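Here are the chains, one letter per residue:
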Amino acid sequence: MDTISENKDVLFPQVFSHLSEVEAQPATVVLDEELLRRAERSLDASTSRDLLWRLLATGERLLQTLQQEPRPLTRLLERTVSLLPFDELKNTISAEKLQEGLTSSSISVQLLCLAYLRKAADSPSGASFVAASSPLVQCLLTTWLSSENTEVAERCLEAIEALLAVDSHTSFTVLATRESVAEVQGQGLLWRRIFTDPQVYSILFEWTSLRVSKRDVKTKKGMQLVTISQARLFDCIARLANYDWAAISTTTLPAVEAKFADGGADDQPYGGLLRYAASHMIDQRDILMEVLRQDFFMKLLGVIQQGNPQSVPPRMLEALQHEAGIDPAKVDEENGMHL
């Protein structure tokens, strides 16, 4: 089926007229979902900056007074944000405003704020903007681990991974302007914020620990929510291993980690977040979590195999194989491991 080509000179005057009507009577005029979806679909790289900025300004202003579910509008604004450079967007929205949006009771507003944060991952300077605010990073991690809305949690993790990817010292991003093209290296500021700021780092433990928890683990629902957060952390650590193995397996804040350890001794040849997830996070009597834990180690081994197996100390590699249920005796001599 052919896509209908919209006449933007006709469509957007209708959109702005409609938004003006809603703004004048926010309690009675309902957002025209079909009209706003048509506008969303018509936005692309060729759309003029003036139109994009007008849409964003109008929509953000309307959100302050809107008295109905804003999803038709926030979807349009998410698309608008995706087409504007974050170096310009950051001049119109503060870290405090993003925090406010992430803690909103409206899922739609949360998703719009996450669109801004995902856009920040287009360049190292965007990641630096996020990293500069400890409260914002705390809010992002908290929303990711604590949200009971699956879409919000998934969008949070996408933003976190994308930001850390562009911020990695091993990452080089090509940035093009009208005058030149340049390759920019990640600065590692967000990595340092997460792994060396105690207030930020603690959040990774507070929502996933059964020992010292933000949840009421004495209730069935509390336990269920903790296990969901634990699964999210397993997924995140496996993804981050692609970018910085040392960050996830090295102890950087021992005082924080000790608070959430169960007190039992272990001789794991790795530390940090990986040691916590492997040895202290889950209830090993929970069969489902044990399956997720084993799958987590399989993913880590996959990351190592795709990278440089020789860079991982033999004792650590053997420990990971053991946790994944792999017999080290069956290690492939050529590839360094057998999965």
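Rules of the game
Residues numbered from 1 in each chain as written. Predicted model: local features only at pLDDT ≥ 70, side-chain atom pairs only at ≥ 80, totals over all residues. Heavy atoms only, no water. Helix = DSSP H or I, 4+ residues; strand = E, 2+ residues; numbered from the N terminus. Contact = heavy atoms within 4.5 Å. Polar contact = N/O pair within 3.5 Å; in protein donor to acceptor, adjacent residues only side chain to side chain. Phe/Tyr/Trp six-rings, centres within 6.5 Å; stacked < 30°, edge-to-face > 60°. Buried < 20%, exposed > 50% of the residue type's maximum accessible area, 1.4 Å probe, protein only. Domains from an automatic or database assignment. Buried area = accessible area lost by both parts, 1.4 Å probe. Salt bridge = Lys/Arg side-chain N within 4 Å of Asp/Glu carboxyl O.

- Per an unreviewed UniProt entry, the protein chain goes by DNA mismatch repair protein HSM3 N-terminal domain-containing protein and derives from Exophiala spinifera.

1. Section: the environment of Gln68
Then, number 1: On the secondary structure map, Gln68 appears in the loop between helix H3 (49–63) and helix H4 (71–82).
Then, number 2: The spacing of Gln68 and Thr28 is 40 residues in sequence and 9.1 Å in space, taken between C-alpha atoms.
Then, number 3: With residues up to four places along the chain from it excluded, the contact list for Gln68 reads Val22, Pro26, Val29, Val30 and Leu31.
Then, number 4: There is a polar contact of 2.8 Å between the side chain of Gln68 and the backbone oxygen of Val29.
Then, number 5: Among the polar contacts made by the side chain of Gln68, one reaches the main-chain amide nitrogen of Leu31 at a distance of 2.9 Å.

2. Some details on the packing of aromatic side chains
Then, number 1: Under the definition given, this model contains eight aromatic pairs.
Then, number 2: Ring centres of Phe205 and Tyr276 lie 4.5 Å apart, and the angle between their planes is 55 degrees; on these two criteria the pair is classed as tilted. Of this pair, Phe205 sits in helix H13 (residues 203–206) while Tyr276 sits in helix H17 (residues 272–280), placing them 71 residues apart in sequence. Accessibility classification places Phe205 together with Tyr276 in one group, the buried group.
Then, number 3: An aromatic cluster is built from Trp191, Phe195, Tyr201, Phe205, Phe260 and Tyr276, whose rings are joined through pairwise contacts.

3. Some thoughts on the domain arrangement of the protein chain
Then, number 1: Split by domain assignment, the protein chain resolves into domain 1 (48–54 + 70–173 + 180–200) and domain 2 (208–326).
Then, number 2: Listed as interface residues are 18 residues of domain 1 and, on the opposing side, 19 residues of domain 2.
Then, number 3: Summed over both partners, the interface of domain 1 with domain 2 comes to about 1600 Å²; 64% of that surface belongs to carbon and sulfur atoms.
Then, number 4: Put simply, domain 1 and domain 2 have two salt bridges between them.
Then, number 5: Put simply, Arg239 and Glu161 hold a salt bridge, and the shortest N to O gap is 2.9 Å.
Then, number 6: At the boundary of domain 1 with domain 2, the tally comes to seven residue pairs in polar contact (both at pLDDT 80 or more).
Then, number 7: Contributions of two or more residues to the side of domain 1 that touches domain 2 are made by helix H9 (134–146), helix H10 (150–167) and helix H11 (189–196).

4. Thoughts on the pattern of salt bridges
Then, number 1: With the rule as written, the count across this model stands at 19 salt bridges.
Then, number 2: Where Glu151 meets Arg155, a salt bridge forms, and the shortest distance between an N and an O atom there is 3.2 Å. Separated by four residues within a single helix, Glu151 and Arg155 lie in helix H10, roughly one turn from each other.
Then, number 3: Here Glu151 falls in the partly exposed class, since its relative accessible area comes to 35%.
Then, number 4: On the basis of relative accessible area, Arg155 is assigned to the partly exposed category, the value being 22%.
Then, number 5: Across the pair Arg285 and Asp283 runs a salt bridge, and its minimum N-O distance is 3.0 Å.
Then, number 6: Residue Arg285 is classed as exposed on the basis of its relative accessible area, which comes to 74%.
Then, number 7: The exposure class of Asp283 is partly exposed, given its relative accessible area of 23%.
Then, number 8: Each member of the salt-bridge network shares a partner with another, and the members are Arg71, Glu78, Glu151 and Arg155.

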